[in-house]
Structures are given as C-alpha cells and as structure tokens.
Amino acid sequence: MEKIIIIRYCEIHLKGKNRGYFEKVFMINLERALAGIRHEIRRPSGRYVVENFDESRTEEIVSKLSKVFGVHTLSIGLKVKTDLDVIYNTVKQIAPQTGTFKVETNRADKTFPLNSMELNAEIGGRLLADYPALKVDVHNPQKVLYIDLRENGSTLIFSDMIKGAGGMPVGTAGKGTLLLSGGIDSPVAGYMIAKRGMQIEGLHFHSYPYTNMQAREKVEELARILAGYTGGMTLHIVSVTHIQEQIHKNCPAEMMVTLLRRFMMRIAEKISENTGSQCIITGESLGQVASQTIEGMTSSNAVIQNLPVLRPLVGFDKTEIIEIARKIGTFETSVLPYEDCCTVFLPKHPVIKPDLKKVEEAESKLDVEALILEALSGEEIVKL
C-alpha cells in the first residue's frame with residue numbers, strides 16, 4: 001500500500017488536437033511547484049498521480065499543487081494491487097462507520113472479473129455487513145468512496161476531493177506585463193489573468209525618497225505571493241520620482257495622476273518590448289477612483305502604440321476584489337500602511353474626466369522621451 005496524490009485538470013480536455021501541448025506545459029508547472037521535494041509524477045489517462053514522496057510532507061505538497069493553475073481537484077489516496085480483498089480492506093480504512101455513503105468505481109482494467117456496478121455492489125454490501133449503522137444513498141451521500149482500477153494491475157482508492165486553483169496552465173496564453181502597485185487590486189488582476197494561462201512579469205513604480213523602502217518590500221512580498229501561483233515571477237522596479245517632480249513643477253495639479261498614468265503606460269510598453277510581453281495588465285476597475293473613469297482610461301490608452309491593455313477587474317466592485325484578495329493571500333499585505341507612488345503630490349481635486357486635447361497640451365511642457373529614458377536607465381530587476 002502506498003500513499004498517492006491524484007491530480008485532475010480543468011479545461012485541458014477540451015483542447016482537441018492541441019491537448020498534448022497543454023498537458024506538457026501543465027506537467028512542467030506541476031514539476032516546478034514541487035521543485036526540491038522528492039517525488040515522481042505519472043500520467044495515467046486523464047489524470048496525474050504523484051508517487052514516491054515523503055509522506056510527512058503530504059500537506060505541503062497538496063498546498064503547492066492546489067495553487068497550480070489548471071488543477072481542478074486533488075485527492076489524497078492509496079495505491080494497492082488489484083485484488084478484491086485488498087481493495088475492500090483498503091476502502092474499509094477510509095469508510096465511515098455511520099451515516100450515508102456510496103461506492104463509485106472506474107474500471108479501466110477490463111480484465112477484472114467484476115464490472116463497475118458489480119464491484120460497487122460487492123464493496124458496498126461488505127461495508128453494510130461490517131457497519132450496520134451505515135446506509136447507502138446514491139443521490140446525496142455524506143461520503144463517496146472512489147475505486148479506480150488501472151490497466152497496470154494497480155488500484156487507486158480515495159474519497160475527499162480538494163479544490164484546486166482552476167483555470168489554464170501558466171505559459172499557454174502568452175506573456176503580459178502587470179502594473180503592480182502596493183494596493184489590493186493589481187495583485188488580484190495578476191492572479192486573474194494568470195489563471196487564464198498567461199505568464200506575467202511585474203512592473204512596479206516607486207517614488208523614493210517620497211516613499212520608503214518598506215513600500216517596495218511590500219510590493220516584493222505581493223509579487224512573491226503571486227509567484228506561488230505562477231511558478232515564479234520577474235519584477236521590474238522603476239523610479240518615477242523625477243517624472244512626478246517635473247509634472248508637479250510644470251503642469252496643472254489636477255492632471256498629476258492622469259499624466260503620471262500616461263508615463264507609466266509608455267514605460268510599460270517599452271519594457272514589454274524588451275521582455276517579449278504581448279500586453280499590459282492593470283488592476284483598474286471602472287469608476288472605482290478618479291483616474292479609473294472611461295475618459296481616464298482613454299487618456300492612458302492613447303499613448304500605447306502596439307500592445308493591448310487588459311483590465312481583468314474592470315467590471316468588479318471592491319467587495320468582489322477584496323474577496324479574491326483574501327482567498328489568494330494578498331489582502332493582508334496589500335493593506336499594510338505604506339504609501340505607493342500614486343499618493344505623491346496627490347491633488348485635492350484630480351480631474352475625473354480628462355479631455356485628451358488638454359492633457360496633451362499640458363504634457364507638451366515636458367520632455368517626455370528624456371524623462372522616460374532617464375527612468376528606464378535606473379530599472380532594477382528582481383527574480384522571485
């Protein structure tokens with residue numbers, strides 16, 4: 001008898017002739033998640049099985065695997081030889097002694113003398129004989145006992161199913177640059193887009209010395225949490241201090257946020273070109289703050305020349321975003337009281353519906369290209 005972990009994937013089975021590619025990337029991501037832990041992963045049809053691992057690390061392994069995008073459910077089970085008495089004695093170990101249950105069999109081994117229905121009845125009958133307080137309920141049982149007879153003479157036995165992260169394997173939908181602030185929204189946006197299979201690189205803007213090093217450390221921790229779902233992340237860190245000083249000195253105060261966002265988008269596009277990213281990702285939610293109106297988004301988008309801008313949270317309200325942040329473990333870090341660059345020189349009354357012509361007129365007082373080159377010259381890269 002050997003303890004195993006069974007992994008089932010989500011949408012990969014819908015991919016037709018491309019299924020093999022998605023399965024290959026999924027396997028790479030599973031292996032990456034378990035790097036440094038002794039294990040073997042086998043792939044019997046339609047599922048993955050983790051074997052030969054240190055059983056004292058079972059919970060750690062399950063925790064790491066449950067964060068891999070593409071995982072639908074996981075089960076901790078037992079692998080035994082395909083023998084009726086051995087199967088029953090193993091099922092009996094995980095079966096309840098009271099309440100309701102059902103037995104559900106998958107019979108890939110067609111040489112086994114009992115078919116699925118017959119094996120269900122045989123195992124269920126033995127359990128009822130041994131535990132008189134048990135009852136069968138095939139529609140809504142309190143416990144389902146699964147028996148999976150494989151073609152290689154082994155049988156997998158399990159019960160509970162642990163929910164995985166869902167989605168598609170990271171790396172199957174291109175790469176994007178995530179504008180990662182220290183707030184609640186942008187880490188959630190990164191999580192949501194990575195869940196659809198996109199590899200993400202983070203880009204953080206800071207305003208040292210107006211913001212302190214704790215604000216940067218906070219963002220690095222958020223990136224580290226996201227890296228647990230994406231199999232690692234590269235974080236680009238760029239100072240916009242001088243850009244903000246020049247906007248504050250030469251442009252109308254109410255346009256500070258609007259103009260800064262345009263600089264961020266330009267810098268994001270240039271970094272994306274260097275890294276091979278195919279889009280820019282932001283945590284904007286329509287109408288949430290003054291800069292996130294449709295006019296504000298239009299102003300930001302206007303400076304992008306070649307890439308799409310993805311806003312996975314555009315239709316979410318704050319309550320929904322916070323709920324996801326709590327689920328993925330970023331909320332407690334996001335609410336730490338360290339200000340990011342967007343709070344520097346923040347006007348009392350920022351423009352809510354910026355007129356693009358007026359924005360461009362205000363921006364004409366700045367040496368845009370020189371400021372961008374200066375900011376990029378100080379770029380730092382952190383591997384997580």
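Draft legend 1. Local environment of the overall build of the protein chain. Secondary structure assignment for the protein chain yields 13 helices and 15 strands. Taken over C-alpha atoms, the radius of gyration comes to 27 Å for the protein chain, far larger than the 21 Å a tight globule of 384 residues would show. Projecting the C-alpha coordinates of the protein chain onto the three principal axes gives extents of approximately 85 × 35 × 35 Å. Counting over 384 residues, the protein chain shows a buried share of 52%. Intrachain contacts of the protein chain at a sequence separation of at least 6 include 79% that bridge at least 24 residues. Entry remark: accessible area of the protein chain is about 18,100 Å², with carbon and sulfur atoms responsible for 51%. Taking the 46 positively charged and 47 negatively charged side chains of the protein chain as two groups, their mean positions are separated by 3 Å.

Draft legend 2. Structural detail: the domain arrangement of the protein chain. Here the protein chain is partitioned into domain 1 (2-163) and domain 2 (175-383). The C-alpha-based centres of domain 1 and domain 2 are spaced at 43 Å. Tallying the contact residues gives four residues for domain 1 and seven residues for domain 2. On the domain 1 side of the interface with domain 2, the three residues burying the most area are Arg 32, Lys 67 and Phe 69, jointly 85% of the side's total. Our enumeration of links across domain 1 and domain 2 arrives at one salt bridge. Note that Glu 11 is salt-bridged to Arg 196, the shortest N-O span being 2.9 Å. Here domain 1 and domain 2 share one residue pair in polar contact (both at pLDDT 80 or more) between them. A per-class count over the side of domain 1 that touches domain 2 returns one nonpolar, no polar and three charged.

Draft legend 3. Spotlight on the environment of Leu 179. Mapped onto the fold, Leu 179 is located in strand S10 (residues 175-179). The buried category is assigned to Leu 179, whose relative accessible area is 8%. Separated by 130 residues in sequence, Leu 179 and Val 309 have C-alpha atoms that sit 11 Å apart. Contacts of Leu 179, omitting those with residues within four sequence positions, involve Ser 186, Leu 203, Phe 205, Arg 261, Met 265, Ala 268, Ile 280, Ile 281 and Thr 282.

Parameters and conventions
Residues numbered from 1 in each chain as written. Predicted model: local features only at pLDDT ≥ 70, side-chain atom pairs only at ≥ 80, totals over all residues. Heavy atoms only, no water. Helix = DSSP H or I, 4+ residues; strand = E, 2+ residues; numbered from the N terminus. Rg over C-alpha atoms; globule rule 2.2 N^0.38 Å. Buried < 20%, exposed > 50% of the residue type's maximum accessible area, 1.4 Å probe, protein only. Contact = heavy atoms within 4.5 Å. Areas by Shrake-Rupley, 256 points an atom, 1.4 Å probe, with all protein chains shown as cover. Lys, Arg positive; Asp, Glu negative; His and termini not counted. Charge placed at Lys NZ, Arg CZ, Asp CG, Glu CD. Domains from an automatic or database assignment. Buried area = accessible area lost by both parts, 1.4 Å probe. Salt bridge = Lys/Arg side-chain N within 4 Å of Asp/Glu carboxyl O. Polar contact = N/O pair within 3.5 Å; in protein donor to acceptor, adjacent residues only side chain to side chain. Nonpolar A, V, L, I, M, F, W, Y, C, P; charged D, E, K, R; others polar.

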